[in-house]
Amino acid sequence: NGAKPLEGQHILITAGPTREPLDPVRYLSNHSSGKQGYAIAAAVARLGARVTLVSGPVALAPPKGVDMVNVETARDMLKACETALPADVFISVAAVADWRPSISANKKLKLKDEGKTLPALSLAENPDILATISKKRKNRPGLVIGFAAETHDVEALAQAKMKRKGCDWIVANDVSGDVMGGAENEVSLVTRDNVEHWPRMDKTTVARNLANRIAVALGNPDGQ
Ligand code: C5P
């Protein structure tokens, strides 16, 4: 039906990888496709939410009716999120690079010609966007949802992660298989006092189920 249970809610979502430059032509990144985050953005928009999607570089079309903010680095992703606040819900789906090269050269590095020793790659820690938004005193979204990709002990690690990051829910998925980049996902929804295992399903179905759960949590499941 055309119910709009998320009407009037602002939902901020991050998706995709980040890209951390080493010089103008090289970067560190990961294999995140952005599919799950984009599907969630589309699903909550369909339920009437105003959606801001802060996305790293991906090969996907922007979902209909969503405000896009395109970024590259983790630090820019954090800035874009903070600019988009206040939001009622924050969903952190992006595969943020944990580290960036500590120096980004503004000229292409000559890695081979100069000197005989291999250049060392020195890294700096990126901000944790989920933890930063979760721990805000002012403007903390009422519902903060993180993702946890694990290869083992998925639910136990998700509980620990939820405490460490300060978020309210974790969508935990087992990435020991072919989930990254694939069309399907098998997740558990971990809340403070409950763990719910969902069977393997399409990323779009995961997104719709999650959107419905958010509508229930915000107290308006039927769009009244
Ligand atoms: O610690 P880990 O990377 O496993 O945590 C995953 C969750 O934290 C995801 O929701 C991801 O979007 C978020 N995250 C983040 N900023 C980082 C690292 C992870 O927002 N620098």
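Residues numbered from 1 in each chain as written. Predicted model: local features only at pLDDT ≥ 70, side-chain atom pairs only at ≥ 80, totals over all residues. Heavy atoms only, no water.

- If you look the protein up in an unreviewed UniProt entry, it shows as Coenzyme A biosynthesis bifunctional protein CoaBC from Henriciella pelagia.

## A few points about the overall build of the protein
- Scanning the protein from terminus to terminus reveals five helices and 14 strands.
- Relative to the 2.2 N^0.38 estimate, which gives 17 Å for 224 residues, the radius of gyration of the protein is 18 Å and therefore close to what a compact globule would have.
- Expressed as a percentage of its 224 residues, the buried residues of the protein come to 46%.
- Long-range contacts, defined here as pairs at least 24 residues apart, represent 64% of the contacts in the protein between residues at least 6 apart.
- Split by element, the accessible area of the protein, about 11,900 Å² in all, is 50% carbon and sulfur.
- Positive and negative side-chain charges of the protein, numbering 29 and 25 respectively, have mean locations separated by a distance of 6 Å. (Helix = DSSP H or I, 4+ residues; strand = E, 2+ residues; numbered from the N terminus. Rg over C-alpha atoms; globule rule 2.2 N^0.38 Å. Buried < 20%, exposed > 50% of the residue type's maximum accessible area, 1.4 Å probe, protein only. Contact = heavy atoms within 4.5 Å. Areas by Shrake-Rupley, 256 points an atom, 1.4 Å probe, with all protein chains shown as cover. Lys, Arg positive; Asp, Glu negative; His and termini not counted. Charge placed at Lys NZ, Arg CZ, Asp CG, Glu CD.)

## Looking at the site of the ligand
- The environment of the ligand is made up of Ser-92, Ala-94, Val-96, Asp-98, Pro-127, Asp-128, Ile-129, Leu-130, Gly-146, Phe-147, Lys-161 and Lys-165.
- In this structure, a nitrogen atom belonging to the ligand sits 3.0 Å away from a main-chain N or O atom of Ile-129.
- Contacts to the ligand include Lys-165, whose side-chain N or O atom sits 2.9 Å from an oxygen atom.
- Relative to its free-state accessible area of 450 Å², the ligand is covered by the protein chains to the extent of 84%.
- Judged by its atoms lying within 2 Å of the grid points, the ligand is housed in the largest pocket.
- For the shell around the ligand, the secondary-structure elements that each account for two or more residues are helix 3 (129-134), strand 9 (143-150) and helix 4 (154-165).
- When the residues that make up the shell around the ligand are grouped by side-chain class, the tally is six nonpolar, two polar and four charged. (Near = heavy atom within 4 Å. Polar contact = N/O pair within 3.5 Å; in protein donor to acceptor, adjacent residues only side chain to side chain. 1 Å grid on protein atoms, 1.4 Å probe; cavity = no way out; pocket = protein on both sides within 12 Å on 5 of 7 lines; lining within 4 Å. Sits in = over half its atoms within 2 Å of the grid points. Nonpolar A, V, L, I, M, F, W, Y, C, P; charged D, E, K, R; others polar.)

## What to know about the environment of His-31
- Structurally, the position occupied by His-31 is in the loop between strand 3 (26-28) and helix 1 (35-46).
- Note: C-alpha distance between His-31 and Thr-18 (13 residues apart in sequence) is 9.9 Å.

## Digging into helix 2 (residues 74-84)
- Residues Ala-74, Met-77, Leu-78, Ala-80, Cys-81 and Ala-84 constitute the buried set of helix 2. Down the axis of helix 2, the sector holding all buried residues measures 165°, keeping them to one side. Among the exposed residues of helix 2, those pointing more than 90 degrees away from its buried face are Lys-79 and Thr-83.
- Where the residues of helix 2 are buried, they touch strand 1 (10-15), strand 2 (20-23), strand 4 (50-55), strand 5 (66-70), strand 6 (89-92) and helix 3. (Arc of directions from axis to C-beta.)

## So, the pairing of strand 10 (residues 169-174)
- In terms of residue burial, strand 10 counts as a mostly covered element, since five of its six residues are buried.
- Relative to strand 10, strand 9 is paired through six bridges, and the arrangement is parallel. Note that in strand 10 the partner of Ala-148 across the bridge is Ala-172.
- Following the chain from strand 9 across helix 4 to the adjacent parallel strand 10, one finds a crossover that is right-handed.
- Bridge count between strand 10 and strand 12 (residues 187-191): four bridges; the pairing is antiparallel. Note that in strand 12 the partner of Val-171 across the bridge is Leu-189. (Pairing = 2+ DSSP bridges. Right-handed = clockwise from strand over helix to strand, strands pointing away.)

## Concerning unusual backbone geometry
- Going from Leu-85 to Pro-86, the amide bond is cis rather than trans, its omega being 5°.
- Mapped onto the elements of the fold, Pro-86 is located in the loop between helix 2 and strand 6.
- Within the chain, Asn-139 stands out as a residue other than glycine whose phi angle is a positive 70°.
- Relative to the helices and strands, Asn-139 is located in the loop between helix 3 and strand 9.
- Despite not being glycine, Asp-153 has its phi angle at roughly 45°, a positive value.
- Tracing the backbone shows Asp-153 in the loop between strand 9 and helix 4.
- For Asp-153, a relative accessible area of 54% puts it in the exposed group.

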